[in-house]
Amino acid sequence: MAEWTLITGASKGLGAEFAQLAARHGRKMILTARSADLLEAQADTLRANGAEVVVIPADLSDLAEADRLWAEATKDRQVDFLINNAGLGSHGPFADPDSWDRELSSINVNMRTLTRLMKLAIPPMQTQQRGRILNVASTIGFLPGPNMAVYAATKAYVLHLSEAVAHELRGTPVTVTAFCPGATQTNFFDDGDMHGTRLLTMTPIADAAKVAAAGWQAAIGGRAVAVPGAMNAVFANLPRLFPRAITTRVSGLFLGK
Ligand SMILES: NC(=O)c1ccc[n+]([C@@H]2O[C@H](COP(=O)([O-])OP(=O)(O)OC[C@H]3O[C@@H](n4cnc5c(N)ncnc54)[C@H](OP(=O)(O)O)[C@@H]3O)[C@@H](O)[C@H]2O)c1
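Along each chain, the written sequence defines residue order, and numbers are assigned to residues from 1. Residues qualify for local features only when their pLDDT is at least 70, as the model is predicted, and side-chain atom pairs are given and counted only at 80 or more; totals for whole chains, interfaces and linings, by contrast, use all residues.

Here we take up the site of the ligand. Here, nearness is defined through the C-beta atom: a residue counts as near a molecule or strand if that backbone-placed atom lies within 6 Å of it. Inspection of the region around the ligand gives 30 residues, with Gly 9, Gly 13, Arg 34, Ser 35 and Gly 87 positioned closest. Strands are runs of DSSP state E lasting at least 2 residues, helices are runs of H or I lasting at least 4, and numbering of each runs from the N terminus. Secondary structure elements with two or more residues in the shell around the ligand: helix H1 (13-24), helix H4 (100-128) and helix H6 (188-191). No other element matches H1, which puts three residues into the shell around the ligand. Across the shell around the ligand, the residue classes break down as twelve nonpolar, 14 polar and four charged. As a working rule, the residues Ala, Val, Leu, Ile, Met, Phe, Trp, Tyr, Cys and Pro are called nonpolar, Asp, Glu, Lys and Arg charged, and the rest polar, with Gly in that last group.

This is the structure in structure tokens:
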């Protein structure tokens, strides 16, 4: 059976860039997100260029949908590259009661579904003796994130989970990569109400295609953790260089408006 790449959050942003990379590398792919229309439009363009693409729309804030997605994706197909890219965040004080719905959705998509898909993907990859998992975390996963407290915590989870499982799988042909980009030009800031934060006004915003290419390379190379860009490496290392209270203050400053 031919092998496939499954890309979550493929309707836009980094996920759409991962789909283009998959096509460029001659990979067959399964694209998922909620926006069926965007996925189909993207699939049509990729197919016109010769790629084999299957679209399976799913709301990944619902754990049952993650199971349905995996069952459909792997019916008559083997997935040997899982790109856990779907994710969302929200900006504002944790105490705001109105932020709960979006925070809960970010917990469900960023952590629960990502974990479930890893859990479903790894055993068959072990059987096939071949597999790559790319988990899109974030530079903020290295730090507490005042004003994006829940989002930052979900990405710390992704980082730690990925590193731990990568360690368990060391020496095998199945690898897990925690990819930790910093601010990148996608729809993420619009949807997460992040415009005006110092992060966006004071630091450079990376190009999504370049960031996705760095993630792809890191996963193919089997790296456990990858942080693209010098500035992001500085942020990621703050907890090693300064006391936690100072790290949190710096992070809060950049995430503040
Ligand atoms: N942009 C940045 O600065 C940045 C930095 C570090 C890490 N990241 C991470 O990069 C990943 C991709 O984000 P992005 O920057 O490309 O943002 P984006 O343009 O907003 O894309 C997010 C993707 O996630 C999907 N998604 C959101 N909620 C979903 C749900 N309930 N079910 C299924 N799919 C869902 C969206 O599709 P639908 O809306 O169609 O469902 C979309 O395809 C995320 O994990 C994000 O945390 C981004």
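Among the five residues of strand E2 (residues 28-32), four are classified as buried, and the element is accordingly described as predominantly covered. In terms of strand pairing, strand E1 (residues 3-8) meets E2 through five bridges, oriented parallel. Bridge pairing in E2 links Thr 5 to Met 29. A clockwise path from the first strand over the helix to the second, with the strands pointing away from the viewer, defines a right-handed crossover. The handedness of the E1 to E2 crossover, carried by H1, is right-handed. Pairing between two strands is assigned when DSSP locates at least 2 bridges connecting them. Two elements, E2 and strand E3 (residues 53-55), share three bridges in a ladder whose sense is parallel. Looking at E3, one finds that Leu 31 is bridged to Val 55. Crossover handedness for the path E2 to helix H2 (residues 36-48) to E3: right-handed. With C-beta atoms placed from the backbone, a residue counts as buried when 20 or more other C-beta atoms lie within 10 Å of its own, as exposed when 12 or fewer do, and as partly exposed for counts between those limits.

With that out of the way, let us pick up the nonpolar core. Counting 68 residues, the largest nonpolar core has Ile 7, Phe 18, Ala 19 and Leu 31 as the members making the most contacts within it. The leading source of residues in this core is H1, at seven residues. By definition, a nonpolar core groups buried Ala, Val, Leu, Ile, Met, Phe, Trp, Tyr and Cys residues that connect through C-beta atoms lying within 7 Å of each other.

Among the secondary structure elements, Leu 6 is positioned in strand E1. Residues Leu 6 and Asp 101 lie 95 residues apart in sequence; the distance between their C-alpha atoms is 27 Å. Our contact criterion uses C-beta atoms placed from the backbone: two residues qualify when those atoms are within 7 Å. When neighbours within four sequence positions are excluded, Leu 6 is seen to be in contact with Ile 30, Ala 73, Val 79, Leu 82 and Ile 83.

Taken together, seven strands build an open sheet; the order of strands is E3-E2-E1-E4-E5-E6-E7 and the sheet is parallel. Only two strands of the sheet have a single neighbouring strand rather than two, namely E3 and strand E7 (225-226). Against the sheet, H4 touches strand E4 (78-84), strand E5 (131-136) and strand E6 (174-179), its axis set at about 150° to E4. Throughout, an axis means a line fitted to C-alpha atoms (over the contacting stretch in the case of helices), and angles, computed between N-to-C directions, take values from 0 to 180 degrees. In this fold helix H5 (residues 149-168) packs onto E5, E6 and E7, with an angle of close to 155° to the strand it touches most, E6.

Attention shifts here to H4. To estimate how far a helix should extend, the number of its residues minus one is multiplied by 1.5 Å. With 29 residues, H4 extends 41 Å from end C-alpha to end C-alpha; this agrees with the ideal 42 Å at 1.5 Å per step. Take the seven residues that end at a residue and the seven that start at it, fit an axis to each, and the angle between those axes is the bend at that residue. At Asn 108, H4 is bent by approximately 30°, the largest bend along its length. Listed as buried for H4 are Arg 102, Glu 103, Ser 106, Asn 108, Val 109, Asn 110, Thr 113, Leu 114, Leu 117, Ala 121 and Met 125. Structurally, H4 contributes buried residues whose contacts are with helix H3 (63-73), E4, E5, H5 and E6. One or two positions beyond H4, positive phi appears at Gln 129, with a value near 60°.

For the pair H3 and H4, the least separation of the axes is 9 Å and the interaxial angle reads 30°. Judged by the inter-axis angle, H3 sits roughly parallel to H4. The chirality of how H3 crosses H4 is right-handed. Of the residues in H4, those touching H3 at Leu 63, Ala 66, Asp 67 and Trp 70 are Arg 112, Thr 113, Arg 116, Leu 117 and Leu 120. Working definition: roughly parallel below 35 degrees, roughly antiparallel above 145 degrees, roughly perpendicular at 65 to 115 degrees, and oblique for all remaining angles. The sense of a crossing depends on the near helix, which, turned anticlockwise from the far helix by less than a right angle, makes the crossing left-handed and, turned clockwise, makes it right-handed.

On to the packing of H4 against H5. Here H4 crosses H5 at 10°, and the two axes come no closer than 9 Å. Taken together, the axes of H4 and H5 lie roughly parallel to each other. Judged by residue contacts, Glu 103, Ser 106, Ile 107, Asn 110, Met 111, Leu 114, Thr 115 and Met 118 of H4 engage Val 150, Tyr 151, Thr 154, Lys 155, Tyr 157, Val 158, Leu 161 and Val 165 from H5. Per-class residue counts for the contact of H4 with H5 are ten nonpolar, four polar and two charged.

What follows deals with unusual backbone geometry. Trans peptide bonds make up most of the peptide bonds, and negative phi angles are found at most residues other than glycine. Its identity is not glycine, yet Asp 76 carries a phi of approximately 65°, on the positive side. Summarising the element assignment, Asp 76 is placed in the loop between H3 and E4. With phi around 80°, Asn 147 is a residue other than glycine that occupies positive phi space. Mapped onto the fold, Asn 147 is located in the loop between E5 and H5. What makes Asn 147 buried here is the crowd of 21 C-beta atoms within 10 Å.

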